[in-house]
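# Structural description and commentary
Listed below are the residues making up each chain.
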Amino acid sequence: MEHIIRFSKVTKRFGDLVVLEELDFEVMAKERLVLIGSSGSGKSTILRILMTLEKPDSGFIEVEGESLWHMEKKGRIVPATEKHLRKMRKKIGMVFQHFHLFPHMTVLRNVTEAQIYVLGMSKEEARERALALLDMVGLSEKADQYPAQLSGGQKQRVAIARALAQRPQILLFDEVTSALDPELVGEVLKVLKDLAQEHEHTMLIVTHEMGFAREIADRICFLDKGRIIEKGPPSRIFTEPEMERTREFLRNYIEVSNAINGV
Amino acid sequence: MIVKWDFAWNILPVLLKAAITTLEATALGYAMALSLGLVLAIVRRSRVRAISWTAGGIIEFVRSTPFLIQLYFLYFILPNYGLTLPAFVTGILGLGIHYSAYTSEVYRAGIEGIPQGQWEAARSLNFTKLQIYRRIIIPQAIPPIVPALGNYLVGMIKDTPILSAIAVVEIMQRAKIIGSETFRYLEPITMVGIFFLLVSLVFSAFIRKVERGVSMDRRIEKAMEIKG
Ligand SMILES: Nc1ncnc2c1ncn2[C@@H]1O[C@H](COP(=O)(O)OP(=O)(O)OP(=O)(O)O)[C@@H](O)[C@H]1O
Ligand SMILES: [Mg+2]
């Protein structure tokens with residue numbers, strides 16, 4: 001299989017803090033990659049750099065064989081212009097922890113707006129597609145409501161439909177259930193599982209839901225202090241992790257979830 | 001001094017005519033202040049330093065010099081550089097520019113009140129910068145600042161008498177002319193006062209109506225009505 005994303009020696013700092021350090025990694029086309037790691041290890045930063053919300057300080061990133069943050073101009077490699085970034089962004093969609101729905105638009109318009117003004121689709125086409133996507137996430141009857149009228153789980157499902165409407169090949173999910181009440185987590189995870197089953201997107205998923213990670217992932221990367229220190233299929237990472245840090249992380253995780261579940 | 005009602009009645013048409021000038025200058029000046037202020041607020045946020053500093057400089061300059069001086073500058077000094085405009089147009093321009101410096105600050109506060117996540121979501125959907133302002137940020141930034149913007153409408157109409165300094169015959173100037181011709185100031189000046197009072201009340205009511213009309217609560221209510 002061929003890779004669709006490749007990071008080479010990507011470094012990202014915030015002031016003195018090195019968040020990603022010469023990070024190398026690849027994602028295969030159609031792969032479902034789950035990133036795990038403790039808070040502050042750089043998981044969100046990886047997704048945000050891919051979504052062009054954050055600019056790396058050094059290194060190269062390739063998406064579908066094209067450089068993301070650089071471009072060639074007269075035989076030289078120069079920083080990407082906004083035009084280049086817009087071209088690259090077409091391939092990628094992102095769903096955020098806190099949804100970021102547009103509160104002044106109805107659910108339907110949240111899903112049609114970018115189809116109309118970014119993809120240039122007609123209002124009717126956009127509407128039809130939006131309704132189909134809302135149906136897929138189980139929310140077609142909420143089309144005319146505003147985000148403020150929805151539960152967290154419903155908002156997140158709208159956000160997923162909104163991202164899908166732009167037809168990205170690559171989907172980024174940053175802790176999309178972390179802001180939800182526990183009883184609403186399931187409905188969102190179900191949408192993601194259905195999506196993974198019925199479609200062929202490349203998916204990068206950051207999550208603290210280990211059961212879900214195990215179920216959906218083709219591969220798991222464990223991040224520690226801006227480096228991927230362990231990666232492999234979930235069956236191995238969860239049962240026989242090689243690194244002490246990974247073991248410790250998973251052990252903590254299990255203790256915490258046992259405490260929550262009162263075991 | 002006793003109010004002469006027949007005198008008041010007689011000067012009413014002339015005053016009303018001048019009142020139209022006042023209202024026109026306010027309407028056009030305010031339209032300009034609203035649009036130019038928005039442009040200034042956006043330009044000021046440019047990532048290009050030279051551009052944002054220029055906008056910031058203009059805003060600072062306009063805010064820290066008296067309106068009268070700005071009017072004189074437009075009316076008496078610009079003609080030296082080949083730009084001669086009628087008094088009325090100069091007055092509108094003056095009001096618009098002066099108040100745009102204030103509205104731009106209001107817009108700025110409104111824009112800064114929009115959470116970062118809105119920009120990021122919009123960016124990830126690949127909207128252009130201009131589309132993000134137009135479709136995502138400004139529609140959310142404006143409803144909360146309607147009262148503050150509205151205050152400047154009331155403020156502006158109360159500043160229109162200053163236009164008399166460049167020979168615009170608005171309502172106050174007309175009242176002064178009547179006074180100097182008839183030696184009676186009581187009626188014209190009182191009537192002008194009442195005019196400003198009434199207009200301010202009407203404006204305030206109008207602003208409250210707009211405020212309610214654009215509020216998110218109202219939209220949600222409507223969405224529920226349609227459904228129910
Ligand atoms: N804009 C920023 N300015 C300064 N520091 C930042 C910024 N964004 C992230 N950081 C820091 O970078 C580090 C990595 O952040 P990142 O959000 O990628 O971590 P994460 O693995 O997603 O953590 P979490 O599980 O808490 O979401 C953290 O220490 C964070 O405080
Ligand atoms: Mg994070």
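## Structural notes on the sheet that holds strand β9 (residues 170-174) of chain A
All names here are of chain A.
- Ordered by their spatial adjacency, 6 strands build an open sheet running β8-β9-β10-β3-β11-β12, and the pairing between neighbours is mixed. Strands at the two margins of the open sheet, each flanked by one partner only, are β8 (92-95) and β12 (227-232). Strand-to-strand twist across the sheet, computed as the mean angle between neighbouring axes with direction ignored, equals 20°.
- For strand β3 (residues 32-37) and strand β10 (residues 202-206), the ladder comprises 4 bridges, and the chain directions are parallel. Bridge pairing in β10 links R32 to M203.

## A short note on a positive patch on the surface
- A cluster of like positive charges, contributed by K55(A), R45(B), R47(B) and K129(B), occupies part of the molecular surface.
- Here R47(B) shows up in the loop between α1 (5-44) and α2 (49-63).

## Describing the packing of helix α3 (residues 107-117) of chain A against helix α5 (residues 152-164) of chain A
All names here are of chain A.
- Two numbers describe how α3 lies on α5: the axes approach to 8 Å, and their chain directions differ by 20°. In terms of orientation, α3 and α5 fall into the roughly parallel class. α5 is crossed by α3, and the crossing has right-handed handedness. Residue-level inspection shows V107, N110 and V111 of α3 in contact with α5, the latter providing V158, A161 and R162.
- Its residues assigned to classes, the contact of α3 with α5 comprises 4 nonpolar, 1 polar and 1 charged.

## A word on the site of ligand 1
All names here are of chain A.
- Around ligand 1, the structure places 13 residues, and the nearest of them are S39, G40, K43, S44 and T45.
- A distance of 2.9 Å is found between an oxygen atom of ligand 1 and a side-chain nitrogen or oxygen belonging to K43.
- When ligand 1 is considered free in solution it has 640 Å² of accessible area, and contact with the protein chains removes 60% of it.
- The greatest single-element share of the shell around ligand 1, amounting to 3 residues, is contributed by helix α1 (residues 43-50).
- Looking at side-chain class alone, the shell around ligand 1 contains 3 nonpolar, 8 polar and 2 charged residues.

## Describing the packing of helix α3 (residues 67-77) of chain B against helix α4 (residues 87-112) of chain B
Residue and element names in this part refer to chain B.
- Orientation of α3 relative to α4, taken along the N-to-C sense of each, is 135°, at an axis distance of 9 Å. With respect to each other, α3 and α4 are oriented oblique. Judged by the twist between their axes, the crossing of α3 over α4 is right-handed. Residues F67, Q70, L71, L74 and Y75 of α3 pack against A87, T90, G91, L93, G94, L95 and H98 of α4.
- Looking at side-chain class alone, the contact of α3 with α4 contains 7 nonpolar, 5 polar and no charged residues.

Definitions and cut-offs
Note on numbering: residues in each chain are counted from 1, in written sequence order. Each chain is given a letter, starting from A, and each ligand a number, starting from 1, according to the order in which they appear as written. Selection of residues for local features in this predicted model requires a pLDDT of at least 70, selection of side-chain atom pairs for listing and counting requires 80 or more, and totals for whole chains, interfaces and linings are taken over all residues. Calculated side-chain values reflect all of the structure's heavy atoms, with hydrogen atoms and water omitted. Strands are treated as partners if at least two bridges between them are detected by DSSP. Counting from the N terminus, the helices are the DSSP runs of H or I reaching at least four residues and the strands are the DSSP runs of E reaching at least two. The angle between two axes is taken between their N-to-C directions and runs from 0 to 180 degrees, where each axis is a line fitted to C-alpha atoms and a helix contributes only its stretch in contact. Only residues whose relative accessible area exceeds 30% and that form no salt bridge are eligible for patches; like-charged ones are grouped when within 9 Å, while nonpolar side chains (Val, Leu, Ile, Met, Phe, Trp, Tyr) are grouped when within 5 Å. Computed by Shrake-Rupley with a 1.4 Å probe, the accessible areas treat only the displayed protein chains as cover when residues are assessed. Only one rule defines a salt bridge in this text: a Lys or Arg side-chain nitrogen within 4 Å of an Asp or Glu carboxyl oxygen. Here the positive residues are Lys and Arg and the negative ones are Asp and Glu; neither His nor the chain ends is included. Positions of charges follow a simple convention, taking NZ of Lys, CZ of Arg, CG of Asp or CD of Glu. Reported orientations rely on four angle classes, namely roughly parallel under 35 degrees, roughly antiparallel over 145, roughly perpendicular from 65 to 115, and oblique for the rest. Each crossing is labelled by how the near helix is turned from the far one, with a counterclockwise turn of less than a right angle marking it left-handed and a clockwise turn marking it right-handed. Contact criterion: two residues are considered in contact whenever any of their non-hydrogen atoms come within 4.5 Å of each other. Under the convention adopted here, Pro, Cys and the residues Ala, Val, Leu, Ile, Met, Phe, Trp and Tyr are nonpolar, Asp, Glu, Lys and Arg are charged, and Gly plus all remaining residues are polar. When at least one non-hydrogen atom of a residue lies within 4 Å of a molecule or strand, that residue is treated as near it. Under the rule applied, a polar contact is a pair of N or O atoms within 3.5 Å (in protein, one hydrogen donor and one hydrogen acceptor; residues adjacent in sequence only if both atoms are side-chain atoms).

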